[in-house]
Amino acid sequence: MRKVIALAVAAALAFTATACAEDETPSSGSSGGTGGGGIKSGLKVAFLPKQVNNPYFDTSDNKGGKVAVEEFKGVYSETGPSEASPSAQVSYINTLSQQGTNVIAVSANDKDAICGALKEARAAGAKVVTYDSDTKPECRDLFINQATSEGIAKVQIKLISDAIGPDGGEIAILSATANATNQNAWIEMMKQELAKPEYSKLKLVDTVYGDDDDQKSFQEAQGLLAKHPNLKGIISPTTVGVAAAGRYLSGSTYKGKVQLTGLGTPNQMRAYVKDGTVKAFALWNPADLGYLAAWAGASLASGLISGKEGDKFTAGKLGEFTVGKDATVLLGDPFTFKADNIDQFNF
């Protein structure tokens, strides 16, 4: 009997040792596997937009980022403030860091205000990817740029010039928040573009800010026309602003007389294109932007890239991308939407 017991104990100890050895084997992911392309499975990926319940970010995050995270078997979440302001995102970053989030994808309301919180999150182990709007380079690991500032500026000025016609005239800009990194970069580039000889008949007379709030943007558009009775065109490089301006112009006596272009989504702008309020506008596919941000963050968190210039990674269905200068990844050129193609898109 003692021999039988001894043999049973030895067998049990051997089984336990084997199990422990298996437990100690390094896992390729936080849940013990890979989610495709060498990406760790189980990665917690959180999207922090400028503001939640914004149609643009609903598309980029929930129809782009979420899809990517599901593809590589991660855990997706979206959180953020209901109003876009410079410091509103700080508390959300701190919470995500405390929750052990692996990847924080954030569209910055201000290039400086959230840097301290992001640096703490990175020190705690999170990989930080900015998308749509950047912080200072030292505050994040990668920036997913929807298009170059030069490219966006050229498209915006070309579209408003074509819409107004060869006689030119006064134009104004309806922007988002005064501190938005991307908006300010585009505006500066637009000013440089306007200095070119071919646009000498266009005169920028005002820049106003709607704070990515629908009602305020509507009122700012209305105010521009009251302040500048000779205004011929408005550029609004923000999805909230251009839709609000479209709504105002379409129901006013200025419809067809004051031209509007900007950056908007097809679903927001379709009615204004079809009723003649807007001839053309531009945008990249925000779903692709969020999708790329998620894959980039997961590649960082999986150790496939470090964010240095020249790093290459695959972003699912979008294919291969290369990290450029200042740890920036470029999605591509903006696309122009107009009456003959807008019904081909649904976002």
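Just so it is clear, the model here is predicted, and its values are computed rather than measured.

Caption draft 1: Region of interest: the packing of aromatic side chains. Across all of its chains, the model carries 15 aromatic pairs by this definition. Taken together, a centroid distance of 5.0 Å and an interplanar angle of 85° make the contact between phenylalanine 337 and phenylalanine 345 edge-to-face. Judged by its relative accessible area of 1%, phenylalanine 337 falls in the buried class. Among the aromatic side chains, those forming a connected cluster through ring pairs are Phe47, Tyr56, Phe57, Tyr76, Tyr131, Trp186 and Trp284. Looking at lysine 317, its charged tip hangs above the ring of tyrosine 291, at a distance of 4.9 Å from the centre.

Caption draft 2: Representation of the nonpolar core within the structure. If you look at the biggest cluster of nonpolar residues, it comprises 80 residues, and the most contacted ones within it are Phe72, Leu142, Ile144, Trp284 and Phe313. Here this core takes 10 residues from helix H10 (residues 286-301), the largest share from any one element. Not counting residues within four places of it along the chain, the set of residues in contact with isoleucine 144 comprises Val129, Thr130, Tyr131, Asp132, Leu289, Leu292, Ala293, Ala296 and Val329.

Caption draft 3: Quick peek at unusual backbone geometry. Unlike most non-glycine residues, aspartate 211 shows phi in positive territory, near 55°. In this fold, aspartate 211 is placed in the loop between strand E7 (202-209) and helix H7 (214-227). In this structure aspartate 211 comes out as partly exposed when scored by relative accessible area, which is 27%. Positioned with a positive phi, aspartate 212 is a non-glycine residue whose angle comes to about 55°. For aspartate 212, the location among the structural elements is in the loop between E7 and H7. Under the relative-accessibility criterion, aspartate 212 is labelled buried at 8%.

Scoring rules and cut-offs
- Residues numbered from 1 in each chain as written.
- Predicted model: local features only at pLDDT ≥ 70, side-chain atom pairs only at ≥ 80, totals over all residues.
- Heavy atoms only, no water.
- Phe/Tyr/Trp six-rings, centres within 6.5 Å; stacked < 30°, edge-to-face > 60°.
- Buried < 20%, exposed > 50% of the residue type's maximum accessible area, 1.4 Å probe, protein only.
- Lys NZ or Arg CZ within 6 Å of the ring centre and 35° of its normal.
- Core = buried A, V, L, I, M, F, W, Y, C linked by side-chain atoms within 4.5 Å.
- Helix = DSSP H or I, 4+ residues; strand = E, 2+ residues; numbered from the N terminus.
- Contact = heavy atoms within 4.5 Å.

No statement about biological role is implied by the geometric values presented.
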